[in-house]
Amino acid sequence: TIGSNNNSSNSNKHHNNSNTSGARVVTHAQVTSHYVGIVRYLGTNSNDADHDADDEAAAAAAAQVVRYLGLELMDPIGDCDGRMFDKDIGEHVRHFETRPNYAVFVSVQNVVKITPSILLSTLTDAIQKLNTSIVGLSQSNFQYLQQISKQQQQIAALIENNKQLMAKSAQLEQRQQQQQQQQQQQLQLQLQLQQ
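Quantities reported herein were computed from a predicted structural model and do not represent experimental measurements.

Draft legend 1. Looking closely at the overall build of the protein chain. Scanning the protein chain from N- to C-terminus turns up three helices and seven strands. Going residue by residue from the N terminus, the α and β elements of the protein chain occur as β-β-α-α-β-β-β-β-β-α. Classification of the 195 residues of the protein chain by burial places 24% in the buried group. Put simply, of all contacts in the protein chain between residues at least 6 apart along the chain, 63% involve residues at least 24 apart. If you sum the accessible surface of the protein chain, you get close to 14400 Å²; carbon and sulfur atoms cover 50% of it.

What follows is the structure in structure tokens.
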């Protein structure tokens, strides 16, 4: 019986109907997650066979039907290390061994085998998309740098204009002071003449 993946138990028991394979597969998780890995375990469910089959031969044949797969992943995006919780015995059963979070169990219906040609095609498409993104980023970066250069030029022009304005303001202030001094001198002369 397939239960929830819970790593709280340290049991290393091996399930009797375990099987392994070296086929490379890609599978979709419950929502949109993608797993790429190697099949390390072919899981059957003998309990379903006991309920569905009327005779021993049919039960034996049904018990060999693969219901789920254990995948060893390339990256630590899984949820276990090759163990699965078995509700019938109440503990974890180890079907294969990986590093923590490098394994996942998935329904066989959600698995698609990747052939070398499909893998090559997928990688080629990914590389083309990556190259397109790089070109787009390069163009965007170039345009961004151009905008920065224009803004820097505008800032430099504003700074220069501000310097010129400050210089003119200083000249005007100096002239005003000179005019005030002249006016004061003239007033003093007029007062002296009146006396």
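Having put the structure on the table, let's press on.
Draft legend 2. A look at the pattern of salt bridges. Tallying each qualifying case throughout the model produces three salt bridges. A salt bridge links Glu72 to Arg40; the nearest nitrogen and oxygen atoms lie 2.7 Å apart. Within this pair, whereas Glu72 is found in strand 3 (residues 66-73), its partner Arg40 is found in strand 2 (residues 34-44), the two being separated by 32 residues in sequence. Ionic pairing is found between Asp81 and Arg83, a salt bridge with its closest N-O pair at 3.1 Å. Each member of the pair, Asp81 as well as Arg83, is classed as buried. Taken together, the salt bridges that share partners define one network made up of Asp81, Arg83 and Arg94.

Draft legend 3. Representation of the pairing of strand 6 (residues 103-107). Most of strand 6 is tucked away: four of the five residues are buried. Across five bridges, the pairing between strand 3 and strand 6 is antiparallel. By the bridge assignment for strand 6, Glu72 is matched with Ala103.

Draft legend 4. A look at unusual backbone geometry. Although it is not a glycine, Asn101 sits at a positive phi angle of roughly 70 degrees. As for its position among the elements, Asn101 is in the loop between strand 5 (91-94) and strand 6. Residue class for Asn101 comes out partly exposed when judged on its relative accessible area of 36%.

Draft legend 5. Representation of the side chain of Asp81 within the structure. Along the polypeptide, Asp81 turns up in the loop between strand 3 and strand 4 (83-86). Within the structure, the side chain of Asp81 is placed 3.1 Å from the side chain of Arg83, a separation counted as a polar contact.

The rules behind these values
- Residues numbered from 1 in each chain as written.
- Predicted model: local features only at pLDDT ≥ 70, side-chain atom pairs only at ≥ 80, totals over all residues.
- Heavy atoms only, no water.
- Helix = DSSP H or I, 4+ residues; strand = E, 2+ residues; numbered from the N terminus.
- Buried < 20%, exposed > 50% of the residue type's maximum accessible area, 1.4 Å probe, protein only.
- Contact = heavy atoms within 4.5 Å.
- Areas by Shrake-Rupley, 256 points an atom, 1.4 Å probe, with all protein chains shown as cover.
- Salt bridge = Lys/Arg side-chain N within 4 Å of Asp/Glu carboxyl O.
- Pairing = 2+ DSSP bridges.
- Polar contact = N/O pair within 3.5 Å; in protein donor to acceptor, adjacent residues only side chain to side chain.

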